[in-house]
Amino acid sequence: MAERNWAGNYSYLAPRIVHPESVAELQSLVADAQRVRALGSRHSFNSIADSAGTLTVLDRLEPDIRIDAANMTVTVSGGTRYGTLAAELQRQGFALHNLASLPHISIAGAVATATHGSGDANANLAAAVAGLRMVTADGNLLTARRGDEDFAGMVVGLGALGIVTELTLDIQPSFDVAQNVFENLSWERVLDDFDNVTSSAYSVSLFTDWSGETIGQAWLKRRSSDSVPDVFFGGTPATEARHPLPGVSGSNCTQQLGVPGQWSDRLAHFRMEFTPSQGEELQSEYLVPREHAVEALRTMRRLSDVVTPLLLVGEIRTVAADDLWLSANYGRDGIGLHFTWRQDQPAVEAILPLIESELAPFATRPHWGKLFNADAAAIAPLYPRFADFIALANRLDPSGKFRNDFLDRTVFGS
Ligand SMILES: Cc1cc2nc3c(=O)[nH]c(=O)nc-3n(C[C@H](O)[C@H](O)[C@H](O)COP(=O)(O)OP(=O)(O)OC[C@H]3O[C@@H](n4cnc5c(N)ncnc54)[C@H](O)[C@@H]3O)c2cc1C
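Residues numbered from 1 in each chain as written. Predicted model: local features only at pLDDT ≥ 70, side-chain atom pairs only at ≥ 80, totals over all residues. Heavy atoms only, no water.

Enquirer: Requested: an account of the overall build of the chain, with residues and values cited.
Expert: The helix and strand tally for the chain stands at twelve helices and 19 strands. The C-alpha radius of gyration of the chain comes to 20 Å, within 12% of the 22 Å expected for a compact globule of 414 residues. Along the first, second and third principal axes, the C-alpha atoms of the chain reach 60 × 50 × 40 Å. Contacts spanning at least 24 positions in sequence make up 74% of the contacts within the chain whose residues lie at least 6 apart. When the accessible surface of the chain is split by element, carbon and sulfur atoms take 48% of a total near 16000 Å². Measuring between centres, the 33 positive side-chain charges of the chain sit 2 Å from its 49 negative side-chain charges. (Helix = DSSP H or I, 4+ residues; strand = E, 2+ residues; numbered from the N terminus. Rg over C-alpha atoms; globule rule 2.2 N^0.38 Å. Contact = heavy atoms within 4.5 Å. Areas by Shrake-Rupley, 256 points an atom, 1.4 Å probe, with all protein chains shown as cover. Lys, Arg positive; Asp, Glu negative; His and termini not counted. Charge placed at Lys NZ, Arg CZ, Asp CG, Glu CD.)

In structure tokens:
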């Protein structure tokens, strides 16, 4: 049977998927290959990971988690999942600054597409990368650190520069988080005071289907300095654990109701020990500059007749700026407009051009790992360092070993 991604909407065309047992094996495999790429935990919704040659999965390499408390970093094997790293960091009294909604995603795969969580002051997960090691096209190992020339181009690499075997991430002392969910917030009150909504906790997510006068849920992930309001922009506190999807049990979600606990058990939305709604959904996400947030939200509400019928739920998050060339947050604070779609790909793909054209005036960048329509001609002007990234890819991989159809369409433009 064909090997598929997590959502089951994409079958990899690569004739071979291999699981090297060592970095040395990976190096010789890459050196000998004509076409090769890395496959992470398969959580992307498009063909970004695929290859016409060999796909390599690093899940047989030990996580090899090494904490450097003097420099406040941790070094970990790229194929490790965030949940595995988070548990070990917490055990030793340390933390990452943030997590995505799901802890099951591989670190190298998440970093490669600039995966993010939420929080006005929280940059995406790739921004924590202080160093990396990758197997380049010639089979050699390249090590780079923050501050090195081109490092900022290598981190969000889309798998186009090499196979990342090891990442060094910034860490901080462990901290507690308490999570509170509020229901049925007033849209108009949120839009009138959006900055106060998103700054009211360490991480704020709003779940909406864009229709009607209220926002279904707000998830506030609070650190000890954040207070809990009685009423949140018209929303009232949930009285039991909630799932982002209306009517679905909250038992798979990280603990809520204001009970404080470790960051590693609260910053993701879903628990590591459960697999939320395996497949049965598609996702798209667009990153909009912060100054256009309210206008972009009003635009999406206007599109609700078209969008809502295809949606399971939407999520609004905030992400701080970074300096990583192909990060959707490069050079600007932003909001993420996320769509969890029903699994009807033709219908979803039919409305993406409309959403993208309506959001285009805001210089909106699509999430690399989710469904979008834009091609290289549309994407290139959105990234000031786009041409530098292409030059870096051509230098590190002159024969195009790491390229694939997706990158040809969305980056290299052939
Ligand atoms: C249920 C679900 C929830 C999600 N939640 C969020 C969220 O909260 N926030 C968010 O921003 N995104 C989210 N995503 C999207 C997801 O984080 C990205 O698609 C991410 O890139 C997936 O990582 P992966 O390990 O599955 O990589 P894959 O999907 O397997 O691959 C993605 C890219 O990473 C590259 N890659 C993988 N491993 C390596 C490596 N070792 N070296 C070099 N390149 C590599 C691949 O070549 C490919 O280009 C979610 C996805 C799902 C399915």
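Enquirer: Report on the UniProt feature "domain: FAD-binding PCMH-type" (unreviewed entry) in the chain, specifying residues and quantitative values.
Expert: Following the UniProt record, one finds the feature "domain: FAD-binding PCMH-type" (unreviewed entry) at residues 10-174. The straight-line gap between the two end C-alpha atoms of residues 10-174 is 38 Å; of that span, 18% is helix and 26% is strand. (UniProt positions renumbered as here; feature names shortened; annotations may be inferred.)

Enquirer: Before we move on, could you go through the environment of Glu280 and cite the residues and values that matter?
Expert: Tracing the chain through its elements places Glu280 in the loop between strand E15 (261-262) and strand E16 (282-289). A C-alpha to C-alpha distance of 24 Å links Glu280 and Leu267, two positions 13 residues apart in sequence. Setting aside residues no more than four positions away along its own chain, Glu280 makes contact with Ala7, Leu312 and Gln343.

Enquirer: Go over helix H2 (residues 82-91), please, and point to the residues and values.
Expert: The element H2 is largely enclosed, with a buried count of seven among its ten residues. Taken together, the buried positions of H2 are Tyr82, Gly83, Leu85, Ala86, Glu88, Leu89 and Gln90. Close packing links the buried residues of H2 with strand E4 (66-68), strand E5 (73-77), strand E6 (94-95), helix H3 (107-112), strand E9 (163-170) and E15. A positive backbone phi angle near 90 degrees is found at Gly93, which sits one or two residues after H2. (Buried < 20%, exposed > 50% of the residue type's maximum accessible area, 1.4 Å probe, protein only.)

Enquirer: Which residues make up the pairing of strand E13 (residues 214-222), and what values go with them?
Expert: When you tally the buried positions in E13, you get seven out of nine residues, the bulk of the element. The sheet contact formed by strand E11 (residues 176-186) and E13 spans eight bridges and is antiparallel. Looking at E13, one finds that Gln179 is bridged to Lys221. Across five bridges, strand E12 (residues 203-208) lies against E13 in antiparallel orientation. Paired with Ser203 across the strands is Lys221, a residue of E13. The turn linking E12 back onto E13 is made up of five residues, and Trp210 within it adopts a positive phi angle of 75 degrees. (Pairing = 2+ DSSP bridges.)

Enquirer: Mind laying out the site of the ligand, listing which residues take part and the relevant values?
Expert: Around the ligand sit 35 residues in total, of which Ala38, His43, Ser44, Ser106 and Thr113 are the nearest. Interatomic distance of 3.1 Å between a backbone N/O atom of Leu158 and an oxygen atom of the ligand. Within the side chain of His367, a nitrogen or oxygen atom sits 2.8 Å from an oxygen atom of the ligand. Starting from 960 Å² of accessible surface for the ligand in isolation, the protein chains cover 98%. For the shell around the ligand, the secondary-structure elements that each account for two or more residues are strand E2 (36-39), H3 and E9. Per-element accounting of the shell around the ligand gives the leading share, four residues, to H3. (Near = heavy atom within 4 Å. Polar contact = N/O pair within 3.5 Å; in protein donor to acceptor, adjacent residues only side chain to side chain.)

Enquirer: So what's going on with unusual backbone geometry? Which residues, and what values?
Expert: Of note, Asp64 is a non-glycine position whose phi angle comes to about 50 degrees, a positive value. Relative to the elements of secondary structure, Asp64 occurs in the loop between strand E3 (54-57) and E4.

Enquirer: An account of the pairing of E11 is requested, with residue identities and associated values reported.
Expert: Regular strands show a simple pattern: their side chains alternate between the two faces of the sheet. Burial of E11 is extensive: nine of the eleven residues sit out of reach of the surface. Pairing analysis gives two bridges linking E11 to E15, with the strands arranged antiparallel. Note that in E15 the partner of Asp176 across the bridge is Gln262. Relative to strand E14 (residues 236-237), E11 is paired through two bridges, and the arrangement is antiparallel. Paired with Glu183 across the bridge in E14 is Thr236.

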